Amino acid sequence: MSAPRLHVRLDRIRHNASTLVGRLARHGIDVTGVTKATLGSPEVATAMLEAGVTRLGDSRIENIERLRGAGIEAPITLIRSPMPSQAARVVASADTSLNSDIQVIGALNNAAGSIGRCHGVVLMVELGDLREGLLPESVLDAARCTAELPNVRLVGLGANLACQSGTLPSDSNMVVLSDLASAVGPASGHHLVSGGNSASIEWALTGATGRVNDLRLGESILLGCEPSQRQPIVGLHLDAFTLTAEVIESSVKPTRPWGEQGETAFGPTVGACAVESPDAPQVIVALGRQDVDMDGIVAPRGTTIRGASSDHMVLEVTGGEVPPVGSDLSFPVVGYAALLRAMTSPFVGRAFLDLDGCHSWPSRPRHRR
Ligand SMILES: *Cc1c(COP(=O)(O)O)cnc(C)c1O
């Protein structure tokens, strides 16, 4: 198979998702499984659905169309405010979208009317992170306007934190969301109150969750990590994704560069050895910044990453055998940006593995591309 390639362990993703679904269920919270970091992979989406997520979420209509094209019929929410220019595609493929602008909701209403559908609208509330959301004082007006439109249905409220400014969920900002949910929806009604992303798990498991009954989870399911403190979540797999790349040069070289030095294409140099030291074995793998974010992968045992440019990654071999040209090196993917880029690069192949006895993959051709 081609290199570089990303190995995706679907059994580990399923385990992570079902663990989080179970823990949050005890607090009355459902999980929306977010697939955007996997480019809307139908394989990953299926693993999440098998694990019991209530619905899927993705930020790109292209990814949602891909999921639909693969035969996935579960409810899907577009988790970025729709572009008005894409309103027709949004109402055709997504059941619901997260919204923070009444004009966009108007465009959705028109688009839904023209195909005889009703589109679900979740109003996003700004709670201090200063990304998307209506200011709390304008939510009631927006809810009233939305309720007057014939082809959209107000299904609930939501909020997003810890993405733009790093504002963390707390009982004091989350109570604002719950109070607004009570003001907007019937007290007993089954109104969606989507409280946040993976950064809200800790709060949800320890705080007073109020009316929050949904979290939208991507990173925690995929990487087993809690984003706001970059802490592993106990009991989850951190190694669902590994990136494999091929060695294209294997040599022994001086550890100190020579000649006058300036900046590289990617800024100041790093990793150059300041003092004279003996020559060292090094390898180059055919992997670069066009394929992955170097800060989000871990060097294989016995190697240290010395640097990387667009297409080359240089590793010093510090222990064990020196990998020969043509051999493979595998890097666990631990960072969200690294996963996002590897999944998005057209140069990176993907191999899905499911080592869970009761689900042999690929036995579900319906979901394959
Ligand atoms: C990306 C995103 C999520 C998922 O975030 P994770 O940190 O990956 O769990 C949830 N909600 C919105 C609005 C998002 O953009």
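Here, the structure is the one placed above.
Residues numbered from 1 in each chain as written. Predicted model: local features only at pLDDT ≥ 70, side-chain atom pairs only at ≥ 80, totals over all residues. Heavy atoms only, no water.

**Thoughts on the overall build of the chain**
Along its length, the chain carries 10 helices and 17 strands. Across the 369 residues of the chain, 50% fall into the buried class. Long-range contacts, defined here as pairs at least 24 residues apart, represent 66% of the contacts in the chain between residues at least 6 apart. Total accessible area on the chain is roughly 16700 Å²; 52% of this is exposed by carbon and sulfur atoms. Both charge centroids of the chain, one from 31 positive and one from 38 negative side chains, sit 6 Å from each other. (Helix = DSSP H or I, 4+ residues; strand = E, 2+ residues; numbered from the N terminus. Buried < 20%, exposed > 50% of the residue type's maximum accessible area, 1.4 Å probe, protein only. Contact = heavy atoms within 4.5 Å. Areas by Shrake-Rupley, 256 points an atom, 1.4 Å probe, with all protein chains shown as cover. Lys, Arg positive; Asp, Glu negative; His and termini not counted. Charge placed at Lys NZ, Arg CZ, Asp CG, Glu CD.)

**Describing the site of the ligand**
Taken together, 13 residues are adjacent to the ligand, and Lys36, Ser198, Arg216, Gly218 and Glu219 come closest. Residue Asn160 places a side-chain N or O atom 3.4 Å away from a nitrogen atom belonging to the ligand. One nitrogen or oxygen atom from the main chain of Glu219 is found 2.8 Å from an oxygen atom belonging to the ligand. The fraction of the free accessible surface of the ligand (390 Å²) that becomes covered by protein chains is 93%. For the shell around the ligand, a count of residues per class yields 4 nonpolar, 4 polar and 5 charged. (Near = heavy atom within 4 Å. Polar contact = N/O pair within 3.5 Å; in protein donor to acceptor, adjacent residues only side chain to side chain. Nonpolar A, V, L, I, M, F, W, Y, C, P; charged D, E, K, R; others polar.)

**Here's the deal with the nonpolar core**
Nonpolar side chains in soluble globular proteins tend to be buried together. Ranked by internal contacts, the top residues of the largest apolar core, which has 89 residues, are Leu6 and Phe241. Membership of the second largest hydrophobic core comes to 7 residues, among which are Ile79, Leu98, Met124 and Val155. (Core = buried A, V, L, I, M, F, W, Y, C linked by side-chain atoms within 4.5 Å.)

**Digging into the packing of helix α1 (residues 10–25) against helix α2 (residues 42–50)**
Remark: α1 packs on α2, axes separated minimally by 8 Å, with the N-to-C direction vectors making an angle of 40°. Compared by their axis directions, α1 and α2 come out oblique. Judged by the twist between their axes, the crossing of α1 over α2 is right-handed. Seen from α1, the contacting residues are Leu10, Ile13, Arg14 and Ala17; seen from α2, they are Glu43, Val44, Ala47, Met48 and Glu50. Of the residues belonging to the contact of α1 with α2, the class tally is 6 nonpolar, no polar and 3 charged. (Axes fitted to C-alpha atoms, helices over the stretch in contact; angles between N-to-C directions. Parallel < 35°, antiparallel > 145°, perpendicular 65-115°, else oblique. Left-handed = near helix turned anticlockwise from the far one by under 90°.)

**What about the packing of aromatic side chains?**
Describing an aromatic ring pair means giving the distance of the ring centres and the angle of the ring planes. Applying the stated criterion to the full structure yields 0 aromatic pairs. Between the NZ or CZ atom of Arg289 and the centre of the ring of Phe266, over which it lies, the distance is 4.4 Å. (Phe/Tyr/Trp six-rings, centres within 6.5 Å; stacked < 30°, edge-to-face > 60°. Lys NZ or Arg CZ within 6 Å of the ring centre and 35° of its normal.)

**Comments concerning helix α7 (residues 171–184)**
Look at α7: 20 Å from first C-alpha to last across 14 residues, which is about the 20 Å you get at 1.5 Å a residue. Within the span of α7, buried status applies to Asn173, Met174, Leu177, Ser178, Leu180 and Ala181. Projected onto a plane normal to the axis of α7, the buried residues spread over an arc of 160° and lie on a single side. In α7, the exposed positions angled more than 90 degrees off the buried face are occupied by Ser172 and Asp179. (Expected span 1.5 Å × (residues − 1). Arc of directions from axis to C-beta.)

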